[in-house]
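Listed below, chain by chain, are the residues.
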Amino acid sequence: MKRWLFTGAALLLAVLIGAPARAATLFGDTFDDGDAAGWSHNGGAWSVVTDGSPAYRQSSTSTNARALTGATTWTDYTVQARVKTTGTAGVAARARSTSQYYAFVLTGGGTAQLQRVSGGTATVLATAPVAAGTGWRTLALHGQGSTLTGYVDGTAVARAVDGAFGAGRIGLVTSSSSATFDDVVVDTVAPGPGPSPTPTTPPPPGGCAVTGTPAGFASVTAWGQSGTTGGAGGPTVQVDTAAELLAAIATPGPLTVCVAGMIAVPAGMHDVTSDKSIVGIGATAGITGGGLTIGLPVSDVTSPPADAVHNVIVQNLSFRAATDDAINVQMFSHHVWIDHNDLAQGYDGLIDVKRGSSYVTVSWNHTHHHTKNMLLGHDDDNGAQDAGRLKVTYHHNWFDATPEFPPVRWSSFSCYRPVAGVTSSGSSWLAWA
């Protein structure tokens, strides 16, 4: 059977006869019977073709095209399809009409985009780099509440929070591009490994606050700083756009920055100034598309400068699809606490500490589904900056599907469990648990 649509009664029957949880599948179409009955179109030239097996093709390159199907009452679900295109094409969810929906598309320029389309105008909610190719790719768009997650070949690469559309049909979409689609499935569960922020204590109503205090090196009095307090004593600001976030982290003086939702920032690294607490509100906050640099620009200085970035806390955030590092601590930055974050699926390091940085604690973070996990020490030949420094405590971090063990330079370390303070081992200390 090439096309199926589960009604509420069918789902109930599946439960009663003991079917597995996968019976939450709502719809599927493989086009194997050679037709596309049940799909409605707007724009383009749609037909069932043979591309290894029967598939649904939109062949026009002169206009935007949409094909919709499903129920207008569907709310939280995943729409998934195999897609082949060299242009811009993908899947749509929660479609109210052919001009109002969410879409997750490949752009043909080496990126994938989460979009909100309203009145026919597309607003980009999140962007992620994707390796270019001409073959089949599996795209999926999962909506759960106001959180949207885009997957490429089973890996979550982009995430955003938007509440414009709460329910609607599914669709296949192209933008002035031809594309072929196959194996369309709608399911009530996410398609695979994806963002799973580490739960923390919910923030107080109307704001956020740092939870707990650091253990290990970030708590030490040294280099003119007594412990790590971040933005304590300063004002609090809530941000939910890239412009607001980047302006806040660049503001001089103590400041607590409350991040609301998943914010897509421009590609590259974005500088954080001293005396900042950057804290996610709830379990859906984070940064996608770029990373944070805690440190001055790279130079050849060999001792801590007076204006080294210091006293920074990053807590309860998800980092996804960074085009460089997710978090980079460099150039003698000190008293930095990176705690209870969820980091995955970036480009370079997830958490790098290098170039003389010290008095850093990295605790209770979940790093996963990424090759270059963490780096301690810039280079084997960087002793002029690093020797006697790189004092970093790592504790209770979960390395999950990260094939590289974090490399350590200019720092010896001990590995033990449980963590009960910090042990000394040479010029620098590393507590790893």
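Look a little higher up for the structure.
Everything numeric in this text was worked out from a predicted model, so none of it was measured.

Q: Please give an account of the overall build of the protein chain that cites residues and values.
A: Counting its regular elements, the protein chain contains three helices and 38 strands. Considering the protein chain as a whole, with its 433 residues, one finds that 51% of them fall into the buried category. Of the contacts formed within the protein chain by residues at least 6 apart in sequence, a portion of 66% connects residues at least 24 apart. Here the protein chain has roughly 16700 Å² of accessible surface; of this, 56% comes from carbon and sulfur atoms.

Q: Describe the pairing of strand 19 (residues 236-239), naming the residues involved and giving the relevant values.
A: Examined bridge by bridge, strand 19 and strand 20 (residues 255-259) share four bridges and lie parallel to one another. Bridge pairing links Gln238 to Cys258 in strand 20. Once you follow strand 19 into helix 2 (residues 242-249) and on to strand 20, the crossover reads as right-handed.

Q: Explain empty space enclosed by the protein residue by residue, including any values.
A: Taken as a whole and judged by the stated rule, the model has three cavities of 30 Å³ or more. Quantified by volume, the second largest cavity comes out at close to 40 Å³. Residue assignment for the lining of the second largest cavity shows that the elements contributing at least two residues are strand 8 (88-97) and strand 12 (137-144). Class assignment for the residues of the lining of the second largest cavity results in five nonpolar, three polar and one charged.

Q: Account for the packing of aromatic side chains, naming residues and giving values.
A: Scanning the entire structure with this criterion turns up ten aromatic pairs. Taken together, a centroid distance of 6.0 Å and an interplanar angle of 25° make the contact between Trp46 and Phe181 stacked. One end of the pair, Trp46, is in strand 4 (residues 46-51); the other, Phe181, is in strand 16 (residues 179-187), and 135 residues separate them in sequence. Of the two residues, Trp46 and Phe181, neither departs from the other in class, the shared state being buried. When the centroid spacing of 5.5 Å and the interplanar angle of 80° are considered together, the rings of Trp223 and Tyr359 count as edge-to-face. Of this pair, Trp223 sits in the loop between strand 17 (221-222) and strand 18 (225-226) while Tyr359 is found in strand 32 (residues 358-363), placing the two residues 136 residues apart along the sequence. Taking relative accessible area as the criterion, Trp223 reaches 33% and is therefore assigned partly exposed.

Thresholds, definitions, all that
- Residues numbered from 1 in each chain as written.
- Predicted model: local features only at pLDDT ≥ 70, side-chain atom pairs only at ≥ 80, totals over all residues.
- Heavy atoms only, no water.
- Helix = DSSP H or I, 4+ residues; strand = E, 2+ residues; numbered from the N terminus.
- Buried < 20%, exposed > 50% of the residue type's maximum accessible area, 1.4 Å probe, protein only.
- Contact = heavy atoms within 4.5 Å.
- Areas by Shrake-Rupley, 256 points an atom, 1.4 Å probe, with all protein chains shown as cover.
- Pairing = 2+ DSSP bridges.
- Right-handed = clockwise from strand over helix to strand, strands pointing away.
- 1 Å grid on protein atoms, 1.4 Å probe; cavity = no way out; pocket = protein on both sides within 12 Å on 5 of 7 lines; lining within 4 Å.
- Points joined across faces, edges and corners; volume = space filled by probe spheres on them.
- Nonpolar A, V, L, I, M, F, W, Y, C, P; charged D, E, K, R; others polar.
- Phe/Tyr/Trp six-rings, centres within 6.5 Å; stacked < 30°, edge-to-face > 60°.

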